[in-house]
Structure formats: structure tokens, C-alpha cells
Amino acid sequence: STIPQSRIGRLVRAELHEAKGEVPQAEELLRELLAENEGDARVLERLLALYIATNRRDDALDLLESRVAQNAQDQKLLLMVGLAYRRLGEDTRM
């Protein structure tokens, strides 16, 4: 592969997998990146977008709820949660 194994390189690879419809490969890379740095909002946003785009509503909600449980004071995370719930039609949760 010509794309390096850096975090950015792996994020780009995940996006390329997603663009080609290779959802399992994209998800695997995004989950690896998130496990390495749980505070990486860009990776969290991509994984949520992947779940939403592939109609994996429960996975998106589980991911959001686990992140909020870990860091309920993170304002950017809370904004992301609100926007994702709205996209998922879950305005009344939490």
C-alpha cells in the first residue's frame, strides 16, 4: 500500500474502503483508530457516519451512549450526540 500506516493514513484508507462499499474493512480501521485514541472526534464522527449511512442505528446509539458514559462533560461530544440523535430520529432519548 502506498498510503502510510499513520493515523491520518489509516483514516484515509478507511474512507477509501467506505467509498468502495467495503464497510467491514472501513469499520475495522475506524474501530482500531478509536481504540488507540478514544478522544479522537474525527474518527468518532466517521464511525458514526458509517453506522448511520448503513442503517446501523443500534450500533450508532450504543457507540454514542458508551462515549457519553466515559466523558459526559465533553461539550463537542455532547453536540455530536445531539446531532446524531436528531439524524436518527431519537430526539427524546437521554
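Cut-offs and rules
Residues numbered from 1 in each chain as written. Predicted model: local features only at pLDDT ≥ 70, side-chain atom pairs only at ≥ 80, totals over all residues. Heavy atoms only, no water. Helix = DSSP H or I, 4+ residues; strand = E, 2+ residues; numbered from the N terminus. Buried < 20%, exposed > 50% of the residue type's maximum accessible area, 1.4 Å probe, protein only. Contact = heavy atoms within 4.5 Å. Patch = residues over 30% accessible without salt bridge, like charges linked within 9 Å, V, L, I, M, F, W, Y side chains within 5 Å. Areas by Shrake-Rupley, 256 points an atom, 1.4 Å probe, with all protein chains shown as cover. Salt bridge = Lys/Arg side-chain N within 4 Å of Asp/Glu carboxyl O. Core = buried A, V, L, I, M, F, W, Y, C linked by side-chain atoms within 4.5 Å. Expected span 1.5 Å × (residues − 1).

A few words on the side chain of aspartate 40. Among the secondary structure elements, aspartate 40 is positioned in the loop between α2 (23–36) and α3 (41–53). Among the residues examined, aspartate 40 registers a relative accessible area of 14% and is labelled buried. Setting aside residues up to four positions removed in sequence, aspartate 40 forms contacts with Arg7 and Leu34.

This next bit is on a nonpolar patch on the surface. Together, Ile8, Val12 and Leu16 make up a nonpolar patch on the protein surface, roughly 240 Å² of accessible area in all. Mapped onto the elements, leucine 16 comes out in helix α1 (residues 7–19). Look at leucine 16 and you get partly exposed, because its relative accessible area is 43%.

The subject of this paragraph is the nonpolar core. Soluble, globular proteins show a tendency: their nonpolar side chains are buried together. Ranked by size, the top nonpolar core spans 27 residues in total, and within it Leu30, Leu44, Leu47, Leu48 and Leu63 carry the most contacts. Breaking this core down by element, the ones donating at least two residues are α1, α2, α3, α4 (57–70) and α5 (75–88). Not counting the four nearest positions on each side in its chain, leucine 30 is found in contact with Leu11, Ala14, Val43, Arg46, Leu47 and Leu50.

Let's shift gears to α2. End to end, α2 covers 20 Å across 14 residues, agreeing with the expected 20 Å (1.5 Å per residue, within 8%). At its buried positions, α2 is contacted by α1, α3 and α4.

Right, let's talk about the pattern of salt bridges for a bit. Scanning the entire structure with this criterion turns up 10 salt bridges. Note that arginine 46 and glutamate 15 form a salt bridge whose closest N and O atoms lie 3.7 Å from each other. With a gap of 31 residues between them, arginine 46 in helix α3 and glutamate 15 in helix α1 connect regions that are remote in the sequence. By relative accessible area, which is 23% here, arginine 46 ends up partly exposed. Residue aspartate 58 pairs with arginine 57 through a salt bridge whose shortest N-O separation is 3.8 Å. A relative accessible area of 34% places arginine 57 in the partly exposed class. Put simply, Arg7, Arg10, Glu36 and Asp40 are held in one network by salt bridges that share partners.

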